[in-house]
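Observations on chain architecture
Single-letter residue listing:
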Amino acid sequence: MEIWILIAFGLITALLAGRKGYNPALWFCAAGIIGLIVLAFLPFVNKKSPLPGPERAQRKKFGNLIGGVLSAVAIVLLLINFGNP
């Protein structure tokens, strides 16, 4: 049952990340309520964003870095959880 909740959060987070202009695959792995909350506070960096090109690219890179770090933490915690029955 818990895996379905993680998948649902992952899909919601990935869809929101794609809509905002971030890498959906990174943010899918950052599933969970914390990843969703962090992503909600990140600015839109898609092509419709009013930010100038270099600033938009810098913010997109930083947002994807945050997604990658959250993904790594989530995967490590998941592996630790599976190691302890």
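The structure we're discussing is the one just above.
Here's what I pulled together on the structure shown here. (Residues numbered from 1 in each chain as written. Predicted model: local features only at pLDDT ≥ 70, side-chain atom pairs only at ≥ 80, totals over all residues. Heavy atoms only, no water.)

Structural notes on the pattern of salt bridges
Tallying each qualifying case throughout the model produces one salt bridge. The residue Arg 59 makes a salt bridge to Glu 55 at a minimum N-O spacing of 2.9 Å. Pair noted here: Arg 59 and Glu 55 are both in helix H4 (residues 53–83), with a separation of four residues, about one helical turn. Among the residues examined, Arg 59 registers a relative accessible area of 36% and is labelled partly exposed. For Glu 55, a relative accessible area of 28% corresponds to the partly exposed category. (Salt bridge = Lys/Arg side-chain N within 4 Å of Asp/Glu carboxyl O. Helix = DSSP H or I, 4+ residues; strand = E, 2+ residues; numbered from the N terminus. Buried < 20%, exposed > 50% of the residue type's maximum accessible area, 1.4 Å probe, protein only.)

Brief notes about the packing of aromatic side chains
All told, the structure shown has zero aromatic pairs when counted by the stated rule. It is Lys 20 that lies over the ring of Phe 44; its NZ or CZ is 5.2 Å from the centre. (Phe/Tyr/Trp six-rings, centres within 6.5 Å; stacked < 30°, edge-to-face > 60°. Lys NZ or Arg CZ within 6 Å of the ring centre and 35° of its normal.)

Observations regarding a nonpolar patch on the surface
A cluster of nonpolar side chains, contributed by Ile 3, Trp 4, Leu 6, Ile 7, Leu 11, Phe 28, Leu 78 and Phe 82, occupies part of the molecular surface with about 780 Å² of accessible area. Those elements giving two or more residues to the nonpolar patch turn out to be helix H1 (2–20) and H4. For the nonpolar patch, the element with the most residues is H1, which contributes five residues. Among the structural elements, Leu 78 can be located in helix H4. (Patch = residues over 30% accessible without salt bridge, like charges linked within 9 Å, V, L, I, M, F, W, Y side chains within 5 Å. Areas by Shrake-Rupley, 256 points an atom, 1.4 Å probe, with all protein chains shown as cover.)

Purely geometric numbers; function is a separate question.
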